[in-house]
Amino acid sequence: MRKITLTDKHQELLFQIPLFRDLPLNIKHSLLDRLDISLYSVDKKDIIATQGTLCKKLYVLLEGKLRVDIIDGLGNEVMIEYIVAARAFATPHLFSSDGVLPATFTAMEDSILLTASKESMFKLISEEPKILHNFLCITGNCNVCTVSRLKTLSRKTVRERFVVYLLEHKKKNSSTVNIIHNQATLAEYLNVTRPALSKEINKMIKEGIIDMDGKTVQILNEAILERYV
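Enquirer: Hey, could you run me through the packing of aromatic side chains in this one?
Expert: The relation between two aromatic rings is expressed through the spacing of the ring centres and the mutual angle of the planes. Evaluation of the coordinates by the stated rule reveals five aromatic pairs. A ring pair is formed by phenylalanine 89 and phenylalanine 105, whose centres lie 4.9 Å apart and whose planes are at 40°; its orientation type is tilted. Of this pair, phenylalanine 89 sits in strand 7 (residues 87-89) while phenylalanine 105 sits in strand 8 (residues 104-107), and the two are 16 residues apart along the sequence. Between phenylalanine 95 and phenylalanine 122, the ring centres sit 5.8 Å apart and the planes meet at 65°, which makes this aromatic pair edge-to-face. Separated by 27 residues along the polypeptide, phenylalanine 95 in the loop between strand 7 and strand 8 and phenylalanine 122 in helix 3 (residues 118-127) bring together distant segments of the chain. Clustering of aromatic rings is evident, with ring pairs tying together Tyr59, Phe89 and Phe105. Seen from the ring of phenylalanine 15, lysine 28 lies directly overhead, with NZ or CZ sitting 5.2 Å from the centre.

Enquirer: I would appreciate a short explanation of the sheet that holds strand 7 in the present structure.
Expert: Backbone-to-backbone hydrogen bonds join strands into a sheet, with any given pair of strands oriented parallel or antiparallel. Read across the open sheet, the five strands follow the order 1-2-9-4-7; overall the sheet is antiparallel. Each of the sheet's edge strands pairs with one partner strand only, and the pair in question is strand 1 (2-3) and strand 7. Running at roughly 70° to strand 9 (residues 111-117), helix 3 makes contact with strand 4 (57-63) and strand 9 of the sheet.

Enquirer: Any chance you could explain unusual backbone geometry here in plain terms?
Expert: Note that the residue after alanine 85, namely alanine 86, is joined by a cis bond; omega there is -5°. As for its position among the elements, alanine 86 is in the loop between strand 6 (77-84) and strand 7. With a phi close to 60°, alanine 90 is a non-glycine residue in the positive phi region. Its place among the elements puts alanine 90 in the loop between strand 7 and strand 8. For alanine 90, a relative accessible area of 12% translates into the label buried. Positive phi is not limited to glycine here, since asparagine 173 has a value of about 60°. Tracing the sequence through the fold places asparagine 173 in the loop between helix 5 (158-169) and strand 10 (176-178).

Enquirer: Whenever I open this one, helix 6 (residues 183-190) confuses me. Can you help?
Expert: Spacing of three or four residues puts side chains on the same side of an α-helix, whose turn is 3.6 residues. Where helix 6 is concerned, the buried positions are Thr185, Leu186, Ala187, Tyr189 and Leu190. Taking the backbone nitrogen of alanine 184 as reference, a side-chain oxygen 3.1 Å away marks asparagine 182 as the first, capping residue of helix 6. Looking at the residues trailing helix 6, positive phi occurs at asparagine 191, about 60°.

Enquirer: In this structure, what is going on with the packing of helix 5 against helix 7 (residues 194-206)? I would like to understand it.
Expert: The description of two packed helices rests on the angle between their axes and on the distance between the axes. Contact pair helix 5 / helix 7: the axes reach a minimum separation of 10 Å and the direction vectors enclose 75°. Here helix 7 runs roughly perpendicular to helix 5, going by the angle between their axes. Contact residues: Val158, Arg159, Phe162 and Val163 in helix 5; Ala196, Leu197, Glu200, Ile201, Lys203 and Met204 in helix 7. Residue classes in the contact of helix 5 with helix 7 are distributed as seven nonpolar, no polar and three charged.

Enquirer: Just checking my understanding: could you explain the side chain of glutamate 200 for this structure?
Expert: Inspection of the secondary structure puts glutamate 200 in helix 7. Accessibility expressed as a relative area gives 14% for glutamate 200, which makes it buried. Not counting chain neighbours up to four residues away, the residues in contact with glutamate 200 comprise Val158 and Arg159.

Enquirer: Is there a simple way to explain the pattern of salt bridges in this structure?
Expert: Where charged atoms of side chains with opposite charge meet at close range, the side chains can pair. This structure, assessed with the given rule, holds 11 salt bridges. Between arginine 34 and glutamate 128 there is a salt bridge; the shortest N-O distance is 2.9 Å. With arginine 34 in helix 2 (residues 25-34) and glutamate 128 in the loop between helix 3 and helix 4 (129-153), this residue pair connects regions lying 94 residues apart in the sequence. Since its relative accessible area comes to 14%, glutamate 128 is described here as buried. The residue arginine 159 makes a salt bridge to glutamate 207 at a minimum N-O spacing of 2.9 Å.

Enquirer: Whenever I open this one, the pairing of strand 11 (residues 210-213) confuses me. Can you help?
Expert: Consecutive residues of a regular strand have side chains that alternate between opposite faces of the sheet. By the bridge criterion, four bridges tie strand 11 to strand 12 (residues 216-219) in an arrangement that is antiparallel. Across the sheet, residue aspartate 213 finds its bridge partner in strand 12, namely threonine 216.

Enquirer: Looking at this model, I keep getting lost on the environment of leucine 124. Mind explaining?
Expert: Relative to the elements of secondary structure, leucine 124 occurs in helix 3. Taking C-alpha positions, leucine 124 is 42 Å from phenylalanine 162, a pair spaced 38 residues apart along the chain. Once you skip the residues sitting within four places of it in the chain, leucine 124 turns out to touch Phe20, Leu31, Arg34, Leu35 and Ile131.

Here is what the cut-offs are and how they apply
Residues numbered from 1 in each chain as written. Predicted model: local features only at pLDDT ≥ 70, side-chain atom pairs only at ≥ 80, totals over all residues. Heavy atoms only, no water. Phe/Tyr/Trp six-rings, centres within 6.5 Å; stacked < 30°, edge-to-face > 60°. Helix = DSSP H or I, 4+ residues; strand = E, 2+ residues; numbered from the N terminus. Lys NZ or Arg CZ within 6 Å of the ring centre and 35° of its normal. Pairing = 2+ DSSP bridges. Contact = heavy atoms within 4.5 Å. Axes fitted to C-alpha atoms, helices over the stretch in contact; angles between N-to-C directions. Buried < 20%, exposed > 50% of the residue type's maximum accessible area, 1.4 Å probe, protein only. Polar contact = N/O pair within 3.5 Å; in protein donor to acceptor, adjacent residues only side chain to side chain. Parallel < 35°, antiparallel > 145°, perpendicular 65-115°, else oblique. Nonpolar A, V, L, I, M, F, W, Y, C, P; charged D, E, K, R; others polar. Salt bridge = Lys/Arg side-chain N within 4 Å of Asp/Glu carboxyl O.

As structure tokens, this is what we get:
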């Protein structure tokens, strides 16, 4: 990573993330002066932060894409999610009791990263109720995402994990699921092998439970799916 200069484009991207969205103009105009900010150009495959290290700054991905992995208790690497700009990440851990990052964040492509010191961020949210409100909302949403992820990984079989994924991503009153991953990354997300996932999907299609065209899954028998969860 190498330091670069903040531009007007970067500022626009910063104000698009939920933490700083819809702020009054007076706060926007003063925000950059009140935060201890650094901006970095990140090369593909660069590791931005490592699991187990202290979270001492706010991280905001302004451009690019990151992969998030954890090492579980058995020493296995588990892919948790992809982070796509513009988005803050690891936010709940900035003021957690231990302050330790739970995962490793790696650039999947050339990216732009903005950081702000923990001290300046604490001062800002202490003085601005709107930003404090946004921060608490983001923290709550992150906890919901964590619970959702654990629901998938806690399942033992490939079919159960895929079914939980489908039901988690299915919109209300719809039988269609648009999968955001290709089959290789979906296998990583479910922490299963690609051949095992492909085999299970083909079985479910033959059993008339689902139909699949590219990344679109049509649920044909939701009652059977719900038996697995």
